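A closer look at the structure
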Amino acid sequence: MHSTSHSFVGKRVLVTGASGFIGAHLCAALLRAGAEVHGLTRRSRVPVAGMHWWHVDCCDLEQLRGLYADLRPQIVYHLAGFSTGTRALEAVMPSLQQNLISSIHLMLVATELGCERLVLPGSLEAPQENNAIPSSPYAAAKGAMRDYAAMFHTLYKTPLVLARLFMVYGPAEHHLHKLVPYVCLALQRGEAPRINSGARAVDWIFVEDAINGLLALGLTPRLEGRSVDIGTGQMTTVREVVERLVNIARASVEPQFGNVSNRSMEQERVANVAETAALTGWRASVALDEGLRRSYEWYARMGTKTEREVGV
Ligand SMILES: NC(=O)c1ccc[n+]([C@@H]2O[C@H](COP(=O)([O-])OP(=O)(O)OC[C@H]3O[C@@H](n4cnc5c(N)ncnc54)[C@H](OP(=O)(O)O)[C@@H]3O)[C@@H](O)[C@H]2O)c1
């Protein structure tokens, strides 16, 4: 774990999306690091020893402002969101509301009521070049969120940092259709995973590494206004990830590549890990094979249970 984790002792930390994949892992790490952790969810509260749960929708500004005013968190991680890159028309409104509006609400209340640090979830999908067309409703919302973050920091001095998360994978990903859980569970059932061409190369980061990166962004001084890459600096194609999982599982089935259409305008980007290390002192340390093996073993233990029954 990054050394700054020790400084979380006694800190009041608010985590939105606390029941989600990254949020749940982050809350567990913050609790281990001695923080007072307040998790926000729209669902029923998940029993986690030591956690405080709040039932609030980030899209409801008054509800969010009321909770924030009561809690006065020192550090805020905004991990609530609509985390799918689908190109479907139905994704436009959920992505706008859950990724953009909810983030603007967090920036507003953090600016009005104050905090030491607000960490926002950036994405490799956000358009990079000027006038680049967003590849999905998700990418459009993440790009707009980045622009709002720059505005809030410049105009209102909001102490925010953008965590530009690359492709996070690992245990307890509850969207079971995402690549790693989907392939692990298919192989455990003895079924051949059906994949697109598998040609897209992605910077995959194990969730434990991503969490340590997020912890560093919560405490490292002088990061305000920056976007910091949370990745490994290494690109691996979807095909190679699937083949490595087949090896780990010692499966005899042949994955069916080309069985599902590729998405349009897939983005291939790699994290600038040298810059992140210079800014924060943090670097990812879990090798892809190790992360995939640990993921495979976790989904094997999951079996027919739900991810909540297995736990983070
Ligand atoms: N996973 C990745 O590889 C990755 C990569 C780059 C960026 N990110 C970003 O990181 C963030 C977390 O990702 P994730 O993979 O952990 O997603 P996730 O598993 O889908 O969790 C997101 C959680 O946000 C909560 N939520 C959604 N809308 C909300 C609202 N209006 N108010 C309150 N809570 C709301 C949902 O929990 P409830 O239903 O309990 O409210 C959901 O479980 C997202 O912004 C995502 O875009 C993820």
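Reading the values: the criteria
Residues numbered from 1 in each chain as written. Predicted model: local features only at pLDDT ≥ 70, side-chain atom pairs only at ≥ 80, totals over all residues. Helix = DSSP H or I, 4+ residues; strand = E, 2+ residues; numbered from the N terminus. Core = buried A, V, L, I, M, F, W, Y, C linked by C-beta atoms within 7 Å. Buried ≥ 20, exposed ≤ 12 C-beta atoms within 10 Å, placed from the backbone. Near = placed C-beta within 6 Å. Nonpolar A, V, L, I, M, F, W, Y, C, P; charged D, E, K, R; others polar. Pairing = 2+ DSSP bridges. Axes fitted to C-alpha atoms, helices over the stretch in contact; angles between N-to-C directions. Parallel < 35°, antiparallel > 145°, perpendicular 65-115°, else oblique. Left-handed = near helix turned anticlockwise from the far one by under 90°. Contact = placed C-beta atoms within 7 Å. Right-handed = clockwise from strand over helix to strand, strands pointing away. pLDDT = per-residue confidence, 0-100.

1. Observations regarding unusual backbone geometry
- Positioned with a positive phi, Asn131 is a non-glycine residue whose angle comes to about 65°.
- Relative to the elements of secondary structure, Asn131 occurs in the loop between strand S5 (117-123) and helix H4 (137-156).
- Unlike most non-glycine residues, Met265 shows phi in positive territory, near 50°.
- You can see Met265 is positioned in the loop between helix H7 (238-249) and helix H8 (273-280).

2. So, the nonpolar core
- Of all hydrophobic cores here, the largest spans 88 residues; its most connected members are Val15, Leu26, Ala163 and Leu214.
- With eight residues, helix H6 (residues 207-219) is the single largest residue contributor to this core.

3. Focus on the site of the ligand
- Taken together, 27 residues are adjacent to the ligand, and Gly17, Gly20, Arg42, Ala80 and Gly81 come closest.
- Elements that contribute at least two residues to the shell around the ligand include exactly helix H1 (21-32), strand S2 (36-41), helix H3 (92-113), S5 and strand S7 (167-169).
- Class assignment for the residues of the shell around the ligand results in 11 nonpolar, 13 polar and three charged.

4. Some thoughts on the sheet that holds S5
- Here we have seven strands laid out as an open sheet, ordered S3-S2-S1-S4-S5-S6-S9, and parallel in their pairing. One side of each edge strand has no neighbouring strand; the edge strands of this open sheet are strand S3 (52-55) and strand S9 (227-230). Recorded for the sheet is a direction-independent mean angle of 25° between the axes of neighbouring strands.
- Pairing of S5 with strand S6 (residues 160-165), which is carried by six bridges, proceeds in the parallel orientation.

5. Overview of the packing of helix H5 (residues 179-188) against helix H9 (residues 288-302)
- Running from amino to carboxyl end, H5 crosses H9 at an angle of 60°, the nearest separation of the two axes being 9 Å. With respect to H9, the axis of H5 lies oblique. As H5 runs across H9, the sense of the crossing is right-handed. On H9, the residues that touch Val180, Pro181, Cys184, Leu185 and Gln188 of H5 are Ser295, Tyr296, Tyr299 and Ala300.
- Within the contact of H5 with H9, the residues separate by chemical class into seven nonpolar, two polar and no charged.

6. Concerning the pairing of strand S4 (residues 75-78)
- Here S4 shows two buried faces, one formed by Ile75 and Tyr77 and the other by Val76 and His78.
- Taken together, the four bridges between strand S1 (residues 12-16) and S4 define a ladder with parallel strand orientation. Among the inter-strand pairings, Thr16 is bridged to a residue of S4, identified as His78.
- Inspection of the sheet shows S4 paired to S5 by three bridges, in the parallel sense. Bridging from a neighbouring strand, Tyr77 pairs with Val119 of S5.
- Read as a crossover between parallel neighbours, the route from S4 over H3 to S5 is right-handed.

7. Things to note about the sheet that holds S7
- The mixed open sheet is built from three strands, whose spatial order is S7-S8-S10. A single partner strand is all that each edge strand has here, and the edge strands are S7 and strand S10 (235-237). Strand-to-strand, the axes of this sheet are offset by a mean angle of 55°, without reference to chain direction.
- Sitting on the sheet, H6 touches S7 and strand S8 (201-206), and the angle it makes with S8 is about 75°.

8. Some points on the confidence of the model for the chain
- Per-residue pLDDT for the chain has a mean of 93; in total, 94% of the residues score no lower than 70.
- Every residue in residues 1-5 is under pLDDT 50, and counting partners more than four places away or in other chains gives 11 contacts.

9. As for the packing of helix H2 (residues 61-71) against H3
- Running from amino to carboxyl end, H2 crosses H3 at an angle of 40°, the nearest separation of the two axes being 10 Å. As the angle between them shows, H2 and H3 are arranged oblique. Relative to H3, H2 is oriented so that their crossing is right-handed. Mapping the contact onto sequence places Leu61, Leu64, Arg65, Tyr68 and Ala69 in H2 and His105, Val109 and Leu113 in H3.
- Taken together, the residues of the contact of H2 with H3 break down into six nonpolar, one polar and one charged.

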